[in-house]
Amino acid sequence: MATAAQWIEGARPRTLPNAIAPVLAGTGAAASVGGAVWWKAILALLVSLALIIGVNYANDYADGIRGTDDVRVGPLRLVGQKLASPAAVRNAAIVSLALGAVFGLVLVVTSAWWLLLIGAACLAGAWYYTGGSNPYGYSGFGELAVFVFFGLIGVLGTQFVQAKEIDWVGGLLAVAVGAFSSAVLVANNLRDIPTDTESGKVTLAVKLGDPRTRTLHLALLAVPFIATLALVARTPWALVGLVAVPLAVRANAPVRRGKGGLELISALRDSGLALLVWSAVTALAVGVG
């Protein structure tokens, strides 16, 4: 029986910046057009957190029953390490996703009915990342899904439910957050290339190979800072986003130095930290600028 601490670790707290950042950025974008609504921002955050915890448990469950996590060099896995039963982890995923759906329905009712279709796509994307008979996470589409769901949809959806509109500022923030979020997954999958290859999990990192995956991580981390320069057209205060450059450099350090295995966990952690800091300060800058 897994302990409470193990369940928390199984939810993969290092990935939570991927859920928080798009809501921060989207709220900043809404504020930039005079439409920030605090209670909708909180609801959007609850949706985002529930979805990422749900997808993490679903991933733990699906990888565990397939044997993908039988040999790991990374953080704890509940099913793979036989700390919790597959059914318990599957149920935790379902409960988390259901909570996200409930919070999302409130936003649908108070915003626009067609958001229901986007919400359904998000739930399907969360489950079929590693679930089902043909999971897209096993075919190299994980980073693209993260870019779309936690970048484009997360940021622009948050802006829309508050301001009832989206604009180019929200679009730039969405691309930047999506790139950062994808960099977190790239760092994770770079670490897992040897074990994923052995188990038949064909991630984008497995397809690209080690050297090109390391280049991709650097390129993704550069995108938000290009967006920072473009956002100066809205407000010069957007340059405050450059304070996250040292964090991004630190995140990429073990990647560019050819590190592997456990030595890449810091790249995952620091990519998420750079994402969170950049999103927070940039959202504030565009929101009040």
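Above this note sits the structure.
Here is a short report on the structure shown in this document.

It is worth spelling out the overall build of the protein chain at this point. The helix and strand tally for the protein chain stands at 12 helices and zero strands. Its helices and strands in sequence order give the protein chain the pattern α-α-α-α-α-α-α-α-α-α-α-α, from N to C terminus. Expected size for 289 residues packed as a compact globule is a radius of gyration near 19 Å; at 18 Å, the protein chain falls within 12% of this value. Projecting the C-alpha coordinates of the protein chain onto the three principal axes gives extents of approximately 50 × 45 × 30 Å. Taking all 289 residues of the protein chain together, 51% fall into the buried category. Within the protein chain, contacts between residues at least 6 apart in sequence are counted, and of these 75% link residues at least 24 apart. If you average the places of the 20 positive and of the 14 negative side-chain charges in the protein chain, the two averages end up 3 Å apart.

Next up on the list: the environment of Ala88. Mapping Ala88 onto the fold places it in helix 4 (residues 86–109). In this structure Ala88 comes out as partly exposed when scored by relative accessible area, which is 29%. Between the alpha carbons of Ala88 and Ser199 there is a distance of 23 Å; along the sequence they are 111 residues apart.

What follows is about the packing of aromatic side chains. If you walk through the whole model with that rule in mind, you get six aromatic pairs. Here Trp7 and Tyr57 contribute two aromatic rings whose centre-to-centre distance is 5.6 Å and whose plane-to-plane angle is 70°, an arrangement assigned as edge-to-face. You can see Trp7 sitting in helix 1 (residues 4–10) and its partner Tyr57 sitting in helix 3 (residues 38–66), a full 50 residues away along the chain. Looking at Tyr57, the relative accessible area reads 8%, which means it is buried. Judged by centre distance (6.0 Å) and plane angle (85°), the ring pair of Phe180 and Phe225 falls under edge-to-face. Taken together, the residues Phe180 in helix 7 (residues 168–191) and Phe225 in helix 10 (residues 210–231) connect sequence positions 45 residues apart. When sorted by exposure, Phe180 lands in the same class as Phe225, which is buried. Among the aromatic side chains, those forming a connected cluster through ring pairs are Phe180, Phe225 and Trp278. Positioned above the aromatic ring of Tyr138, the side-chain terminus of Arg66 is 5.1 Å from the ring centre. Between the NZ or CZ atom of Lys207 and the centre of the ring of Phe141, over which it lies, the distance is 5.6 Å.

Counting 27 residues, the largest nonpolar core has Val155, Leu173, Val177, Phe180, Phe225 and Trp278 as its most contacted members. Contributing elements (two or more residues each) for this core: helix 2 (16–32), helix 7, helix 10, helix 11 (245–256) and helix 12 (265–288). Sort the elements by how many residues they give to this core and helix 7 lands first, with nine residues. Judged by nonpolar contacts, the second largest core, of 21 residues, contains Ala112, Val146, Phe150 and Phe160.

What counts, and where the lines are drawn
- Residues numbered from 1 in each chain as written.
- Predicted model: local features only at pLDDT ≥ 70, side-chain atom pairs only at ≥ 80, totals over all residues.
- Heavy atoms only, no water.
- Helix = DSSP H or I, 4+ residues; strand = E, 2+ residues; numbered from the N terminus.
- Rg over C-alpha atoms; globule rule 2.2 N^0.38 Å.
- Buried < 20%, exposed > 50% of the residue type's maximum accessible area, 1.4 Å probe, protein only.
- Contact = heavy atoms within 4.5 Å.
- Lys, Arg positive; Asp, Glu negative; His and termini not counted.
- Charge placed at Lys NZ, Arg CZ, Asp CG, Glu CD.
- Phe/Tyr/Trp six-rings, centres within 6.5 Å; stacked < 30°, edge-to-face > 60°.
- Lys NZ or Arg CZ within 6 Å of the ring centre and 35° of its normal.
- Core = buried A, V, L, I, M, F, W, Y, C linked by side-chain atoms within 4.5 Å.

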